[in-house]
Amino acid sequence: MTTSFLLWNDENIQKASEWLKQGEVVAFPTETVYGLGADATNEAAIGKIFKAKGRPSDNPLIVHLSDVEQMSRYVTEITPIAKQLIEAFMPGPLTVILKSNGKIAKNVTAGLDTVGLRIPDHLAARELIKACDLPIAAPSANLSGKPSPTSAVHVYQDLKDKIMAILDGGPTGVGVESTVVDCTGDHAVILRPGGITKQDIEHVLQAPVEDATILETKDKPKSPGMKYTHYEPEVPMILIDGDDDYFRTQINQYQSEGKKVGLLVSEELARRSQADTVMTVGTREDIATVANQLYHALRSFKKTDVDVILAETFNEDGVGQAVMNRMRKAATYIDIEDKSK
Ligand code: TXA
Ligand code: MG
């Protein structure tokens, strides 16, 4: 099939909505990253998402809704903590996990009795969901394992001719995915850090919040998606955890081995380093811009001839936690400076 590129206007919202109702797959913008949407009540339509992405079938999808009223149609109960978080952060980059009432297709939830739900803070997304009046299941609109798309062009690069259409609403704002929070119990558990921070959530709930991703290692991960390779650029990436001098020593080391080195770094470090290709993601203090630029930078190395990417470790304040979570997953390994030397 030839993928249609749809600019965001009333006529194209109608067109995309008709395709969704007919069980086709349409990519659309959200405030975090582009999503790959299909009718969450239509098992065959959902099957097309998994096929286009090459996504493992045991990794559940998030269901996107246009308002809270629509959300309550698909769960057994909106728990008290979910109510508080919904009121504080939706629409916004937050996904709540609640008990499903069984109306969402089994392949959306990968057979779990829970479902992830969110209301995106992007008008194009909500107009589209409202127009078709369906719950729209949507993973990030990238090939499985690749960085999430933050523009319609990124979606096209990955999924050209595999999906019906791409609704182009411009580049996304947040740049990393939503925070996934298990709200089924009486305390909140973060299953994936994202656009809403742990501190934001603790502030609203007035209680400490568990972050399950900190222990994310050998045990079966709570959020099935967290066990797969993720966000990988086309070239091996090494995350350097050390000071600026150590970083420059590593650049020299690779270059002395005859390797072409690409950097994924702050403006501060770029200014003081020499390499073959440099992708900056903003300044160290401005972690929101780092989040916004990260996936674009990861994708950009594909067009270069570098042999290795050396990436900077950013501070984990606020959305920095999500940034570093994604960078660790994208990295082939982490090179930690031995400070005892
Ligand atoms: O910002 C976002 O969340 C983007 C945009 C498009 O909305 N979507 C997104 O979807 O990142 P995806 O499929 O790439 O990631 C969904 C994450 C996975 O880690 C998945 O395992 C988790 O949410 N998830 C979904 N349903 C779940 C459930 N019932 N229980 C636990 N984790 C769940
Ligand atoms: Mg994804």
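Residues numbered from 1 in each chain as written. Chains lettered and ligands numbered in written order. Predicted model: local features only at pLDDT ≥ 70, side-chain atom pairs only at ≥ 80, totals over all residues. Heavy atoms only, no water.

*Asks:* In this structure, what is going on with the environment of A152? I would like to understand it.
*Replies:* Along the polypeptide, A152 turns up in helix α7 (residues 152–159). Exposure remark for A152: the relative accessible area of 3% places this residue in the buried category. When near neighbours in sequence (up to four residues on either side) are disregarded, A152 contacts F5, Y34, I166 and D168. (Helix = DSSP H or I, 4+ residues; strand = E, 2+ residues; numbered from the N terminus. Buried < 20%, exposed > 50% of the residue type's maximum accessible area, 1.4 Å probe, protein only. Contact = heavy atoms within 4.5 Å.)

*Asks:* Where do I start with the pattern of salt bridges in this structure?
*Replies:* Pairing between side chains of opposite charge can happen when the charged atoms of each approach one another. Taken as a whole and assessed by the stated rule, the structure comprises 19 salt bridges. Notably, a salt bridge pairs D67 with K130, separated by 3.3 Å at the nearest N-O pair. One end of the pair, D67, is in the loop between β4 (62–64) and α3 (68–71); the other, K130, is in helix α6 (residues 123–132), and 63 residues separate them in sequence. What makes D67 partly exposed here is its relative accessible area of 24%. Its salt-bridge partner being K160, residue D161 comes within 3.5 Å of it at the nearest N-O pair. Note on K160: relative accessible area 42%, which makes it partly exposed. Members of the salt-bridge network, linked through shared partners, are D244, R272, R284 and E312. (Salt bridge = Lys/Arg side-chain N within 4 Å of Asp/Glu carboxyl O.)

Any functional reading would require information beyond the geometric quantities listed.
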